[in-house]
Amino acid sequence: MGKTLYGTALRTGGITRTEAQAAPCLIDLALLRPDTDDPEQLRPVPPSVVLNQLVQPLEREIHERRKLSMQLTSTFEPFMSITGQDAASTNAITVLEGLELINTTLDRVIDECTKELLTIQPGSGRRPEVIESGLRRVQPLLDRGVDMRTLYQHTARHHSATIGYVERIAPYGLEVRTLEEIIDRLIVVDRKVAFIPARSDRRVALELRHEGLVQYLVGVFDQFWLHAVPWEEEVPYSLKAEGITGVQRAIAKLLVEGHVDDSIARRLGMNVRTCRAHIAKLNAALGSGSRAQLGYLIAQSGILEQDG
């Protein structure tokens, strides 16, 4: 109705107040003004004038809001770099959940390895299917001349699948050493990316790309490597004066520290039954009748003070 009446006013030169009552917005928006000679007549205001009057407030509001937007941007700009650093830190530690995702990520990162691959494999030896998976991963690296060093526990020397793996790969550049006790699984690629387990069942892992963390883990690996026994050399399992072997001495040390059988077996890469057999030999060698007495006799015997 308002548009129709405004159009009529423009064509005829005006409308009466009575007619305009049907569209009060014409007065509110200043589209009509009283005639100076006849107050009952309303004359149309030119559209260009009305448009300018209506648009100017909007343009001022837009200008003010744009100004406010720039002020807000200026205020928050110093904090954007902090957010960026946080994001980088977050990306430096990625949680990998599920064996499929872990193995897929390992395959991708190891496939990109160009210089060095460091691995720590705790336990008495890996299952044959795991060995085959490892062979598949490292074969392309051998072709590219990548340096590879792997740490196992001494017990892996008696594991047939691990022995076969080392014999197959060692001639092509794989270096292997063993220790009685090492940390949990660790893989470091080109000293830039590291993988460590995040849960005991190894179904959750962490992918680390933080330079400081990776370099720290490389240092840990190098320390273990320094004290480890090369695969081609015999492990010095010499008997002590009391007839206690190096493995039993390691078990004795962990017993004195308060570890239970399961923990000792896991740390030394043997099953619990084997661990308990060694503990029984310790009991016999030291003349102990109970676990509490065994701890006391170990401390009194001085076997932990002897060089390994």
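Residues numbered from 1 in each chain as written. Predicted model: local features only at pLDDT ≥ 70, side-chain atom pairs only at ≥ 80, totals over all residues. Heavy atoms only, no water.

1. Things to note about the overall build of the protein
So, point 1. What the protein contains, in helices and strands, is twelve helices and eleven strands.
So, point 2. Taken over 308 residues, the protein has a buried fraction of 37%.
So, point 3. When the accessible surface of the protein is split by element, carbon and sulfur atoms take 54% of a total near 18,600 Å². (Helix = DSSP H or I, 4+ residues; strand = E, 2+ residues; numbered from the N terminus. Buried < 20%, exposed > 50% of the residue type's maximum accessible area, 1.4 Å probe, protein only. Areas by Shrake-Rupley, 256 points an atom, 1.4 Å probe, with all protein chains shown as cover.)

2. Overview of the packing of helix α9 (residues 246-256) against helix α10 (residues 261-268)
So, point 1. Packing of α9 against α10 leaves a shortest axis separation of 10 Å and a crossing angle of 135°. With respect to each other, α9 and α10 are oriented oblique. Note on packing geometry: the crossing formed by α9 with α10 is right-handed. Residues Val247, Ala250, Ile251, Leu254 and Leu255 of α9 form the contact with α10, whose own contacting residues are Ile264, Arg267 and Leu268.
So, point 2. A per-class count over the contact of α9 with α10 returns seven nonpolar, no polar and one charged. (Axes fitted to C-alpha atoms, helices over the stretch in contact; angles between N-to-C directions. Parallel < 35°, antiparallel > 145°, perpendicular 65-115°, else oblique. Left-handed = near helix turned anticlockwise from the far one by under 90°. Contact = heavy atoms within 4.5 Å. Nonpolar A, V, L, I, M, F, W, Y, C, P; charged D, E, K, R; others polar.)

3. Re the confidence of the model for the protein
So, point 1. Of all residues in the protein, 89% have pLDDT values of 70 or greater, and the mean over the chain is 81.
So, point 2. Below pLDDT 50 for its whole length, residues 83-88 participates in zero contacts with residues either more than four positions away or in separate chains. (pLDDT = per-residue confidence, 0-100.)

4. Quick notes on the pairing of strand β8 (residues 186-189)
So, point 1. The alternating pattern of β8 places Leu186 and Val188 on one face and Ile187 and Val189 on the opposite face, and all of these are buried.
So, point 2. The pairing of strand β5 (residues 116-121) with β8 spans four bridges and is classified as antiparallel. Looking across to β8, one finds that leucine 117 is bridged to valine 189.
So, point 3. Examined bridge by bridge, β8 and strand β9 (residues 193-197) share three bridges and lie antiparallel to one another. From the neighbouring strand, isoleucine 187 faces β9, where its bridge partner is phenylalanine 195.
So, point 4. Hairpin remark: β8 followed by β9, antiparallel, with three residues in the connecting loop; positive phi at aspartate 190, about 55°. (Pairing = 2+ DSSP bridges.)

5. A word on the pairing of strand β3 (residues 41-44)
Side-chain direction in a regular strand flips from residue to residue, so the side chains alternate between the two faces of the sheet.
So, point 1. Along β3, the buried face is formed by Leu42 and Pro44; none of Gln41 and Arg43, which line the opposite face, is buried.
So, point 2. The pairing of strand β1 (residues 15-16) with β3 spans two bridges and is antiparallel. Bridged to threonine 16 within β3 is glutamine 41.
So, point 3. Examined bridge by bridge, strand β2 (residues 32-34) and β3 share three bridges and lie antiparallel to one another. Along β3, the bridge assignment pairs proline 34 with leucine 42.
So, point 4. What sits between the antiparallel neighbours β2 and β3 is a turn of six residues.

6. Brief notes about the sheet that holds strand β4 (residues 93-97)
So, point 1. Taken together, the eight strands give an open sheet; going across it, the order is β4-β10-β9-β8-β5-β6-β7-β11, and neighbouring strands pair in mixed fashion. Pairing within the sheet leaves two strands with one partner each, and these edge strands are β4 and β11 (229-230).
So, point 2. Of the strands in this sheet, β4, β5, β6 (147-153), β7 (174-179), β8, β9, β10 (204-208) and β11 touch helix α8 (residues 211-227), which is tilted by about 65° from β6.

7. Considering the side chain of aspartate 261
So, point 1. Position of aspartate 261 among the secondary structure elements: in helix α10.
So, point 2. Reaching out from aspartate 261, the side chain makes a polar contact with the side chain of arginine 276 at a distance of 3.0 Å.
So, point 3. Non-local contacts of aspartate 261, meaning those with residues more than four positions away in its chain, are made with Val272, Cys275, Arg276, Ile279 and Arg291. (Polar contact = N/O pair within 3.5 Å; in protein donor to acceptor, adjacent residues only side chain to side chain.)

8. Here we look at the packing of aromatic side chains
Each aromatic ring pair is summarised here by two numbers: the centre-to-centre distance and the angle between the ring planes.
So, point 1. Scanning the model with the defined rule gives two aromatic pairs in all.
So, point 2. Relative to tryptophan 225, the ring of phenylalanine 221 lies with its centre 5.8 Å away and its plane at 15°, an arrangement referred to as stacked. In this pair, phenylalanine 221 and tryptophan 225 both sit in helix α8, four residues apart, roughly one turn of the helix. This pair shows no difference in class: phenylalanine 221 is buried, exactly as tryptophan 225 is. (Phe/Tyr/Trp six-rings, centres within 6.5 Å; stacked < 30°, edge-to-face > 60°.)

9. Things to note about the sheet that holds β3
So, point 1. A sheet is described by the order of its strands in space; here three strands give the open sequence β1-β3-β2, paired in antiparallel fashion. Strand pairing shows two members of the sheet lacking a second neighbour, β1 and β2, which therefore form its edges.

10. Topic: helix α5 (residues 99-111)
So, point 1. For α5, with 13 residues, the first-to-last C-alpha span of 18 Å sits near the 18 Å given by 1.5 Å per residue.
So, point 2. Buried residues of α5: Ile102, Thr105, Leu106, Val109 and Ile110, and no others. Seen from one end, α5 has its buried residues packed into an arc of 120°, which puts them on one side. (Expected span 1.5 Å × (residues − 1). Arc of directions from axis to C-beta.)

11. Here's the deal with the pattern of salt bridges
So, point 1. Inspection of the entire model under this criterion finds nine salt bridges.
So, point 2. Arginine 202 serves as the salt-bridge partner of aspartate 184, at 3.0 Å between the closest nitrogen and oxygen. In this pair, aspartate 184 is assigned in the loop between β7 and β8 and arginine 202 in the loop between β9 and β10, connecting sequence segments 18 residues apart.
So, point 3. Between glutamate 207 and arginine 209 there is a salt bridge; the shortest N-O distance is 2.9 Å.
So, point 4. Through salt bridges with shared partners, one network takes in Glu116, Arg149, Arg191 and Asp222. (Salt bridge = Lys/Arg side-chain N within 4 Å of Asp/Glu carboxyl O.)

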